[in-house]
Amino acid sequence: MKVVITKSYEEMSMEAFSVMRAVVTAEPSAVLGLATGSTPLGLYRLMAEDHREKGTSYKKVRTVNLDEYVGLGPESDQSYAYFMRENLFRHLDIPPENTHIANGKAGDLAAECHRYNSLLGQLQRDIQILGIGSNGHIAFNEPGTPFGSETHVVALAESTIRDNARLFARAEDVPRKALTMGLKNIMHAKKIVILANGANKAGAVRGLVCGAVTEQLPASVLQLHPDCTLIVDEAAASLL
Ligand code: GLP
């Protein structure tokens, strides 16, 4: 794994953006795997600014997202579909039908997992952007998830519910379940860029880079990927 340590969140976002821009300019119909959370927001701002000012086009780009809360649809401002529309898609020229997120309001969740998993098989990602949870989760693959897992429904760990409660009015409002790509799906991307900032990620980052490859720290599977880059600020790198 290549490790890039940056001075700040802004510099981390710039580094990620330069990798993303190279992928999109080399392949105008690239498939991008995208993540939610506060970590990639700086990257998304830079993509929007670059599109506005330099005209980089996303007309032919396709995107797939990592995960979605069960029970929330695109109209809910806490859903990941809403997050992606507000923070990225509406600032680009990407056709909405080219953007894919699992449907958290599907009546039959098993069928929705199957549908989304087939879609991922058809759309191999040129690049996958990831954040990391403080317990080492990626997407919503919590500790203990098998490395061979594909798209599935997950019961969120208490620590994840606590971490994400800051984004909801009340902790009780955080959905207890989510649909997520599995670790095998994530590893299928040609290139992976994982981002982390802030001291609360330092323990997970240490496990990711220097720890054992273990299902107890889902992100550690990335040590086995042939083209994975970790971009971290100094605070998140403090235990390396
Ligand atoms: C959620 C998402 C992950 C994300 C993580 C960290 O659990 N499912 O994809 O990486 O939060 O979020 P943040 O970037 O806000 O710290």
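These lines cover the structure that appears in this document, whether it is placed above or below. (Residues numbered from 1 in each chain as written. Predicted model: local features only at pLDDT ≥ 70, side-chain atom pairs only at ≥ 80, totals over all residues. Heavy atoms only, no water.)

## Re the side chain of Thr145
Mapped onto the fold, Thr145 is located in the loop between strand S6 (127-130) and strand S7 (152-155). For Thr145, a relative accessible area of 9% gives the class buried. Engagement of the side chain of Thr145 in a polar contact is seen with the backbone oxygen of Glu142, the distance being 2.5 Å. Excluding anything up to four places from it in sequence, Thr145 contacts His152, Leu183 and Glu215. (Helix = DSSP H or I, 4+ residues; strand = E, 2+ residues; numbered from the N terminus. Buried < 20%, exposed > 50% of the residue type's maximum accessible area, 1.4 Å probe, protein only. Polar contact = N/O pair within 3.5 Å; in protein donor to acceptor, adjacent residues only side chain to side chain. Contact = heavy atoms within 4.5 Å.)

## A word on the pattern of salt bridges
Taken as a whole and judged by the stated rule, the model has nine salt bridges. Across the pair Lys7 and Glu234 runs a salt bridge, and its minimum N-O distance is 3.0 Å. Linking Lys7 in the loop between strand S1 (2-6) and helix H1 (9-26) with Glu234 in the segment after strand S10 (228-233), this pair joins segments that are 227 residues apart in sequence. You can call Lys7 exposed: its relative accessible area is 63%. (Salt bridge = Lys/Arg side-chain N within 4 Å of Asp/Glu carboxyl O.)

## Concerning the site of the ligand
Neighbouring the ligand are 13 residues; Ser38, Thr39, Asp67, His137 and Lys201 lie closest to it. Within the side chain of His137, one N or O atom sits 2.8 Å away from an oxygen atom of the ligand. Considered on its own, the ligand offers 390 Å² of accessible surface; in the complex 95% of this is hidden by protein. With respect to the detected pockets, the ligand is housed in the largest pocket. Split into classes, the residues belonging to the shell around the ligand amount to four nonpolar, six polar and three charged. (Near = heavy atom within 4 Å. Areas by Shrake-Rupley, 256 points an atom, 1.4 Å probe, with all protein chains shown as cover. 1 Å grid on protein atoms, 1.4 Å probe; cavity = no way out; pocket = protein on both sides within 12 Å on 5 of 7 lines; lining within 4 Å. Sits in = over half its atoms within 2 Å of the grid points. Nonpolar A, V, L, I, M, F, W, Y, C, P; charged D, E, K, R; others polar.)

## Overview of the nonpolar core
A general feature of soluble globular proteins is that nonpolar side chains tend to end up buried together. Membership of the largest hydrophobic core comes to 64 residues, with the highest contact counts inside it found for Leu32 and Leu222. Here the element with the most residues in this core is H1; it accounts for seven residues. Look past the residues within four positions of Leu222 in its chain and what remains in contact with it is Met1, Leu130, Ile138, Ile186, Met187, Ile192, Ile194, Leu208 and Cys228. Leu72, Tyr80, Phe140 and Phe168 belong to the second-largest nonpolar core, a separate cluster that totals eleven residues. (Core = buried A, V, L, I, M, F, W, Y, C linked by side-chain atoms within 4.5 Å.)

## Concerning the layout of surface pockets
If you add up the space inside the largest pocket, you get close to 640 Å³. Considering the residues around the largest pocket, the lining is formed by 31 residues, among which Thr36, Gly37, Ser38, Asn164 and Arg166 are closest to the centre. Residue assignment for the lining of the largest pocket shows that the elements contributing at least two residues are strand S4 (67-69), helix H3 (80-87) and helix H5 (158-164). In terms of residues, the lining of the largest pocket owes the most to one element, H3, which gives three residues. Class assignment for the residues of the lining of the largest pocket results in twelve nonpolar, 14 polar and five charged. The computed volume of the second largest pocket comes to approximately 280 Å³. Lining the second largest pocket we find 15 residues, and of these Pro74, Ala81, Arg85, Thr99 and Ile101 sit closest to its centre. (Points joined across faces, edges and corners; volume = space filled by probe spheres on them.)

## Section: unusual backbone geometry
Both trends apply: most residues other than glycine have a negative phi, and most peptide bonds are in trans. Its identity is not glycine, yet Ala139 carries a phi of approximately 55°, on the positive side. By the element assignment, Ala139 lies in the loop between S6 and S7. On the basis of relative accessible area, Ala139 is assigned to the buried category, the value being 10%.

## Thoughts on the sheet that holds S7
Strand order in this open sheet of three strands is S4-S8-S7, and the pairing throughout is antiparallel. One side of each edge strand has no neighbouring strand; the edge strands of this open sheet are S4 and S7. On average, each strand axis in the sheet is tilted by 25° relative to the strand beside it, whichever way the strands run. Pairing of S7 with strand S8 (residues 177-180), which is carried by four bridges, proceeds in the antiparallel orientation. From the neighbouring strand, His152 faces S8, where its bridge partner is Thr180. (Pairing = 2+ DSSP bridges. Axes fitted to C-alpha atoms, helices over the stretch in contact; angles between N-to-C directions.)

## Focus on H3
Buried within H3 we find Tyr80, Ala81, Phe83 and Met84. Projection of H3 onto a plane perpendicular to its axis shows the buried side chains occupying an angular sector of 160°, all on one side. Those residues of H3 that are buried lie in contact with strand S2 (31-34), helix H2 (41-54), strand S3 (62-65), S4 and H5. (Arc of directions from axis to C-beta.)

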